[in-house]
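Single-letter residue listing:
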Amino acid sequence: MPGEALLFLFGTIMAAALLFMMVFFTIMFSDLECDYINPIDLCNKLNQFVLPEMLAHAFLGFAFFINGSWIAFAINAPLVAFNVQKISNNRHMYDATEIFRTLGQHKKECFIKLGFYLICFFYYLYRMIVALINES
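Residues numbered from 1 in each chain as written. Predicted model: local features only at pLDDT ≥ 70, side-chain atom pairs only at ≥ 80, totals over all residues. Heavy atoms only, no water.

The protein goes by ER-derived vesicles protein ERV14 in an unreviewed UniProt entry, where it is assigned to Gigaspora margarita. Looking at the protein in UniProt, the text filed under Sequence similarities (unreviewed entry) is "Belongs to the cornichon family." Taken verbatim from the UniProt record of the protein, the Subcellular location (unreviewed entry) comment is "Membrane". (UniProt positions renumbered as here; feature names shortened; annotations may be inferred.)

A. Geometry of the side chain of Lys 86. For Lys 86, the location among the structural elements is in helix α3 (residues 70-88). Residue Lys 86 is classed as buried on the basis of its relative accessible area, which comes to 5%. Setting aside chain neighbours within four positions, we find Lys 86 in contact with Met 54, Arg 91, His 92 and Glu 109. (Helix = DSSP H or I, 4+ residues; strand = E, 2+ residues; numbered from the N terminus. Buried < 20%, exposed > 50% of the residue type's maximum accessible area, 1.4 Å probe, protein only. Contact = heavy atoms within 4.5 Å.)

B. Examining the pattern of salt bridges more closely. Scanning all chains against the criterion turns up six salt bridges. When the shortest N-O distance is used, the salt bridge between Lys 86 and Glu 109 registers 2.7 Å. With a gap of 23 residues between them, Lys 86 in helix α3 and Glu 109 in helix α4 (residues 103-135) connect regions that are remote in the sequence. Judged on exposure class, the residue Lys 86 and its partner Glu 109 are both buried. Taking the shortest distance from any N to any O, the salt bridge between Glu 109 and Lys 113 comes out at 3.4 Å. Here Glu 109 pairs with Lys 113, and both are found in helix α4, just four residues apart, close to one helical turn. As far as the burial class goes, Glu 109 and Lys 113 line up, both buried. (Salt bridge = Lys/Arg side-chain N within 4 Å of Asp/Glu carboxyl O.)

C. Focus on the UniProt feature "transmembrane region" (unreviewed entry) in the protein. Taken from the UniProt record, the annotation "transmembrane region" (unreviewed entry) applies to residues 7-29, 59-84 and 114-133. For residues 7-29, the end-to-end C-alpha separation is 33 Å, with 100% helix and 0% strand making up the annotated structure. Helix makes up 92% of residues 59-84 and strand 0%. Its end C-alpha atoms lie 12 Å apart.

D. Just the environment of Gln 85, in detail. Within the fold, Gln 85 resides in helix α3. At 3.4 Å, the side chain of Gln 85 and the side chain of Arg 91 are in polar contact. (Polar contact = N/O pair within 3.5 Å; in protein donor to acceptor, adjacent residues only side chain to side chain.)

E. Representation of unusual backbone geometry. Its identity as a non-glycine residue notwithstanding, Asp 35 has a phi of 65 degrees, on the positive side. If you trace the backbone, Asp 35 turns up in the loop between α1 (3-33) and α2 (39-67). Taking the relative accessible area as the measure of exposure, Asp 35 reaches 63% and is therefore exposed.

F. Seen up close, the nonpolar core. Within the largest apolar cluster, 34 residues are counted, with the highest numbers of intra-cluster contacts made by Phe 25, Phe 29, Leu 42, Tyr 94 and Tyr 124. Elements supplying a minimum of two residues to this core: α1, α2, α3 and α4. If we skip the residues at most four places from it in the chain, Phe 25 touches Leu 46, Phe 49, Val 50, Tyr 94 and Cys 110. (Core = buried A, V, L, I, M, F, W, Y, C linked by side-chain atoms within 4.5 Å.)

Next comes the structure, spelled out in structure tokens:
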């Protein structure tokens, strides 16, 4: 299996993992709205996944940059920049005291990321198949 196919296989697996993580976030926000979970428990559960999600996506973007997959890097660069901006402004963690005021914003961000990772999943899958066909 060539390097490009392996890279996009890794990208497909990472996109699937990030996709499932965003589904988990969406379910947790829905549970908060329905009052099945209290804000402190929600923030404790979600905050442990915030930085790993951002770091995994940044690593994926870096891998595309190093490999020279410029289109895949260009697709990922805006979200990486958004995540870096959130970390630099110290707005990346969920706060239990403000979660109800910012719940709409968090859900909107979560749905956008969910759609982004879904599109990326199918793009990486397509590029992996193309790389495997070109190798043959």
